[in-house]
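Listed here are the chains, written in short residue letters.
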Amino acid sequence: MELVHIEIRDILKKKIEKIFERKFENIDVQYSTKKEFGDFQTNFSLINSEIIGKKPREIGKMIIKSLENDQKNDIIDKIKIAGPGFLNIFLKNSKIWQNLKKIGTEKYDFPIDTSKKVLIDYSSPNIGKRMHIGHLRSTIIGDSLKRIFEYIGFKVSGDNHLGDWGSRFGKLIIGYKKWLNAEEYEKNPIGEMERLYVKFSEEAQLNPELEVMAKEEWMKLKAGDENNRKLWQSFVDHSFREFEDFYRKMDVKFDYCIGESFYNEIILETLKILEEKKISSDIDGELKVFFEEKDKLEPCVVKKKAENSYLYSTTDLATLKYRKDTLNIDRAVYVAVEKQKKHFRQVFRIAEMIGKPYDYEKNHVWFGIMRFEDGVVLSSKKRGMIRLIDIVNQAVEEAKIIIDIKNPTYSEEEKMKISEIVGLGAIKYFNLSQNRMSSICFSWDKILNFEGNTSPYLQYTYARIMSIFRKMNEENLEIDNVYDVEYMELNDDFNENERELAVKLLKFPNSVLKAYELCKPNLIADYLFETAKIFNSFYAVESILREEDKKKFNTRLLLAEKTASILKEGLSLLGIKVIEKM
Ligand code: ARG
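Residues numbered from 1 in each chain as written. Predicted model: local features only at pLDDT ≥ 70, side-chain atom pairs only at ≥ 80, totals over all residues. Heavy atoms only, no water.

Visitor: Provide a residue-level description of the overall build of the chain, including the pertinent values.
Guide: Helix and strand counts for the chain come out as 21 helices and 13 strands. Its C-alpha atoms give the chain principal-axis dimensions of roughly 85 × 70 × 40 Å. Here the chain, with 582 residues, has 53% of them falling under the buried criterion. Considering only contacts within the chain whose residues lie at least 6 apart along the sequence, 74% involve residues at least 24 apart. Here the chain displays about 27,600 Å² of accessible surface, and carbon together with sulfur accounts for 48% of that area. For the chain, the separation between the mean place of its 96 positive charges and that of its 96 negative charges on side chains is 3 Å. (Helix = DSSP H or I, 4+ residues; strand = E, 2+ residues; numbered from the N terminus. Buried < 20%, exposed > 50% of the residue type's maximum accessible area, 1.4 Å probe, protein only. Contact = heavy atoms within 4.5 Å. Areas by Shrake-Rupley, 256 points an atom, 1.4 Å probe, with all protein chains shown as cover. Lys, Arg positive; Asp, Glu negative; His and termini not counted. Charge placed at Lys NZ, Arg CZ, Asp CG, Glu CD.)

Visitor: Can you tell me about the sheet that holds strand S4 (residues 86-91), naming the residues and giving the values?
Guide: Taking strand neighbours across the sheet as the criterion, the four strands line up as S1-S2-S4-S3 in an open arrangement whose pairing is antiparallel. Of all strands in the sheet, those bounded by a partner on one side alone are strand S1 (29-31) and strand S3 (76-82). On average, adjacent strands in this sheet sit at an angle of 30 degrees to one another, irrespective of strand direction. Where S1 and strand S2 (residues 40-42) come together, three bridges link them in antiparallel fashion. Within the sheet, the bridge partner assigned to Val 29 lies in S2 and is Thr 42. (Pairing = 2+ DSSP bridges. Axes fitted to C-alpha atoms, helices over the stretch in contact; angles between N-to-C directions.)

Visitor: Go over the packing of helix H10 (residues 226-250) against helix H14 (residues 388-406), please, and point to the residues and values.
Guide: It is the contact of H10 with H14, at a shortest axis distance of 10 Å, that shows an interaxial angle of 30 degrees. In terms of orientation, H10 lies roughly parallel with respect to H14. Considering only the axes of H10 and H14, their crossing is left-handed. Taken together, the residues of H14 that come into contact with H10 (itself represented by Asp 245, Phe 246, Lys 249 and Met 250) are Leu 388, Ile 389, Val 392 and Asn 393. Partitioned by chemical class, the residues of the contact of H10 with H14 number five nonpolar, one polar and two charged. (Parallel < 35°, antiparallel > 145°, perpendicular 65-115°, else oblique. Left-handed = near helix turned anticlockwise from the far one by under 90°. Nonpolar A, V, L, I, M, F, W, Y, C, P; charged D, E, K, R; others polar.)

Visitor: I'd love a proper account of the nonpolar core, names of residues and values included.
Guide: Residues Ile 8 and Phe 149 are the most contacted members of the largest nonpolar core, which totals 152 residues. With ten residues, helix H21 (residues 550-573) is the largest single contributor of residues to this core. In contact with Phe 149, other than residues within four places in its own chain, are Val 118, Ile 120, Phe 154, Val 156, Arg 331, Val 333, Tyr 516 and Cys 519. Counting residues in hydrophobic clusters, the runner-up holds 31 residues, among them Ile 266, Leu 320, Tyr 334 and Ile 354. (Core = buried A, V, L, I, M, F, W, Y, C linked by side-chain atoms within 4.5 Å.)

Visitor: Give me unusual backbone geometry: which residues, what numbers.
Guide: A cis geometry characterises the amide bond from Lys 356 onward to Pro 357, with omega recorded as -5 degrees. Of note in the backbone geometry, Ser 123 takes a positive phi value of approximately 75 degrees without being a glycine. With respect to the helices, strands and loops of the structure, Ser 123 is situated in the loop between strand S5 (117-121) and helix H5 (133-152). Using a relative accessible area of 3% as the deciding quantity, one classes Ser 123 as buried. One non-glycine residue, Asp 284, adopts positive backbone phi at about 50 degrees. Looking at the secondary structure, you find Asp 284 in the loop between strand S7 (280-283) and strand S8 (286-289). Given the relative accessible area of 63%, Asp 284 is considered exposed.

Visitor: Can you explain the sheet that holds strand S11 (residues 361-367)? Please cite residues and give values.
Guide: The strand order S6-S5-S10-S11 describes an open sheet built from four strands, whose pairing is parallel. Each edge of the open sheet is held by one strand with a lone partner, namely strand S6 (155-159) and S11. Strand-to-strand twist of the sheet, defined as the mean angle between neighbouring strand axes without regard to direction, takes the value 20 degrees. As paired strands, S5 and S6 are joined by five bridges and run parallel to one another. When the bridges of S6 are listed, Lys 117 appears paired with Lys 155. On the sheet, helix H13 (residues 341-354) packs against strand S10 (331-337) and S11 and is oriented at approximately 175 degrees with respect to S11.

Visitor: Quick rundown of a negative patch on the surface? Include the residues and the values.
Guide: A surface patch of negative charge is lined by Glu 275, Glu 276, Asp 282 and Asp 284. Take Glu 276: it is sitting in helix H11 (residues 264-276). (Patch = residues over 30% accessible without salt bridge, like charges linked within 9 Å, V, L, I, M, F, W, Y side chains within 5 Å. Salt bridge = Lys/Arg side-chain N within 4 Å of Asp/Glu carboxyl O.)

Visitor: Run through the site of the ligand, naming residues and quoting values.
Guide: The environment of the ligand is made up of Asp 121, Ser 124, Asn 126, His 135, His 161, Tyr 312, Asp 316, Tyr 334, Gln 340 and Phe 344. Relative to its unbound accessible surface of 350 Å², the ligand loses 89% to contact with the protein. Considered class by class, the residues forming the shell around the ligand number three nonpolar, five polar and two charged. (Near = heavy atom within 4 Å.)

Visitor: Pulling in residues and values, what's your account of the pairing of S5?
Guide: The buried fraction of S5 amounts to four of the five residues, a majority that puts the element mostly inside the structure. For the crossover that starts at S5, traverses H5 and ends in the parallel S6, the hand is right-handed. Where S5 meets S10, four bridges bridge the pair, whose relative direction is parallel. Along S10, the bridge assignment pairs Leu 119 with Ala 332. (Right-handed = clockwise from strand over helix to strand, strands pointing away.)

Set out below in structure tokens:
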């Protein structure tokens, strides 16, 4: 199904080009923000008044006239000129009806070339360390973007770029050999690895010899020493086991989990290229890339002097090459915290300096930090011992308390199932419903509120609609015109409330398109919240099941069904499930 604002734009474009006998690219048609402004608006006449050499309102009149003479137009009902020359465009009710019927059964044709292969790099925690809130946000935003890009029609893969390499593994090996609590390592592996790491730092202050030993172990690991390799693999496997519990709980899946350690060979190739192309300079044995003044970037070290160590940026450069050469991608999207802006700007700029195959479309989709109510930033540096999975589990428990009160008659099993979906949805929605670029403050009251802009509110609205359909079945409503969309006759006499809801429903793909363009899932969340509010006020004043007029009954039932369909689809783009009753 074509997006309505695109259809309108195309109609206008044809007419305008015929009237003025020239081409116009970028004709902008937007959904109106207020009912009085019609369903859509364009500022075409204002913007092109000079080029055309006529007053905006005059241009508007010419467009309106050509529309009036068009017998074939079955989309635009009327156009009105407003203010200095805005055009307010009103849809024909029959068009609204036709599109409404298609919702949920036909895919949208987004006006986007989706032939590109996209990779989204998200979550990407570090082995041996607890995931922190940054990883929670990256996991949730990345997963949602993946769903949105797929919905638009792209082939998308998700890559979990694990931090599984670096000199800290030498320290962990020493810690493991000296102080391991084997039982804890099995029970709470990351906790134990963190303990070993801290213990190492403490002991090394007393005994600096330990640092030397750790370095040796790291060198041995890099050289492929069999024993150290085994230990390292065990750190990776044990950590990943814990990460996986979290991903399972979050319902997040990756296509690849290629850690930094994988890129060692390609790093060597990359450094060679940097040297050959004279992009890097050797400063006392350290390889550095200097940027042009206009880049406003500090020099980037790509190889350290000491132990031939490579850096975060070198690995990311190598990763760019691998993803192009082997995974054949055309665009990479990195979902990582704001703090890494400089890092990605450096990497992207160096990639540009090298050219192919490092240089292709890439974006750092950054997000602000999340604070807890008391102002504490949650990160693994602050060893608050909070694990992400505990936050999710707590969300489920908090949801359970509310569900217990709201639905005392449900079975324990049912209540548990609902609480899982509500609790998890609440955490995800809280992260996705706010502009990713702002820092956000976490509070249970905000998250689990059934009234505000929260996923429980949206899930509740969905369940409310489902209950209408359940009631219809239960009561076996005696309506001779059985509700069946396919055979429903054209009903284009909407009342004002019906029409408002219907037009809002048509707007859904537009919110997805905008969310895709700006990599901002909150635009979908905003849309869903507005839609749910409109539905709920609609339902407060318009009867559905008690409506005796057959046509009205069908229209309203159709509106309810399509609202539910869009809530479900929209929430699924945020990685959130719906519940039939709640
Ligand atoms: N492991 C990094 C961290 O925990 C995030 C990696 C992001 N992805 C990337 N390709 N650099 O901060």
